[in-house]
Amino acid sequence: MRVFVTLWLMLSCLCLHTAVFAAEKPIIAVIVANDNPNKSISLGELKLIYWRKKTYWENGQRIHPINLPSDNPLRLQFSSSILGSAPSAQNDYWNGLYFHGISPPYVLYSDEAAIRYVQETAGSIAYADACKLDNRVRPLLWLLPNGETTANSSIINCNEH
């Protein structure tokens, strides 16, 4: 009986820890500059951009996708949800494209750096914690903690953070 109780307590703690961790995941905003003519983006298009298979916007402007470092929690969440794999699992893909002159998206080291880059670089696209955004950039899509996406900004509540 004591073993059963101990096991039950351990599992309860693990479940509680997992629930708390899941609740801590932020909402990610996919962002572009305010003057970017695109008003929305599909998941398919976003995947193509971040796999570097789509390199120009419809208006002919070159796309400059930005990533966060491979160990950044936002990058892990974005890569898992949008690209279907962890950044470390993408190394072979990028190594193969390197010999064709195709480089992975440029890496910046913070949400703020990504926001500034998007604000100042025509054609750029990035992602950042939705609660760190301001009027310097415009979100096209939100990635929810459960992996779903939405274009509905009314669900964003940054007061909970």
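This report concerns the structure included in the present document. Since this is a predicted model, take the numbers as computed values, not measurements.

**Observations regarding the packing of aromatic side chains**
For step 1, the next point in the chain: By the definition in use, this model includes eight aromatic pairs.
For step 2, the next point in the chain: Measuring from centroid to centroid gives 4.9 Å for tyrosine 93 and tryptophan 94, while their planes differ by 80 degrees, and the two rings are edge-to-face.
For step 3, the next point in the chain: Tyrosine 93 gets classed as partly exposed once you look at its relative accessible area, which sits at 26%.
For step 4, the next point in the chain: With relative accessibility at 11%, the residue tryptophan 94 sits in the buried group.
For step 5, the next point in the chain: Taken together, the ring pairs in this structure connect Tyr50, Phe78 and Tyr127 into an aromatic cluster.

**Examining the sheet that holds strand β4 (residues 124–129)**
For step 1, the next point in the chain: Across the sheet, which stays open at both edges, the six strands sit in the order β3-β2-β4-β1-β5-β6 with mixed pairing between neighbours. Both edges of this open sheet fall to β3 (106–107) and β6 (149–150), since each of them pairs with a single strand only.
For step 2, the next point in the chain: Of the pairings in the sheet, the one linking strand β2 (residues 64–67) to β3 comprises two bridges and is parallel in character. When the bridges of β3 are listed, asparagine 67 appears paired with valine 107.
For step 3, the next point in the chain: Lying over the sheet, helix α2 (residues 43–50) contacts β1 (28–33), β2, β4, β5 (137–143) and β6, oriented at roughly 105 degrees with respect to β4.

**A closer look at the pairing of β1**
For step 1, the next point in the chain: Within β1, six of the six residues are buried, leaving the element largely enclosed by the surrounding structure.
For step 2, the next point in the chain: Here β1 runs beside β4; their pairing, made up of five bridges, is antiparallel. Its bridge partner lying in β4, isoleucine 31 is registered against alanine 126.
For step 3, the next point in the chain: Here six bridges tie β1 to β5, and the two strands are oriented antiparallel to one another. Residue pairing in the sheet places isoleucine 28 in a bridge with leucine 143 of β5.

What counts and how
- Residues numbered from 1 in each chain as written.
- Predicted model: local features only at pLDDT ≥ 70, side-chain atom pairs only at ≥ 80, totals over all residues.
- Heavy atoms only, no water.
- Phe/Tyr/Trp six-rings, centres within 6.5 Å; stacked < 30°, edge-to-face > 60°.
- Buried < 20%, exposed > 50% of the residue type's maximum accessible area, 1.4 Å probe, protein only.
- Pairing = 2+ DSSP bridges.
- Helix = DSSP H or I, 4+ residues; strand = E, 2+ residues; numbered from the N terminus.
- Contact = heavy atoms within 4.5 Å.
- Axes fitted to C-alpha atoms, helices over the stretch in contact; angles between N-to-C directions.

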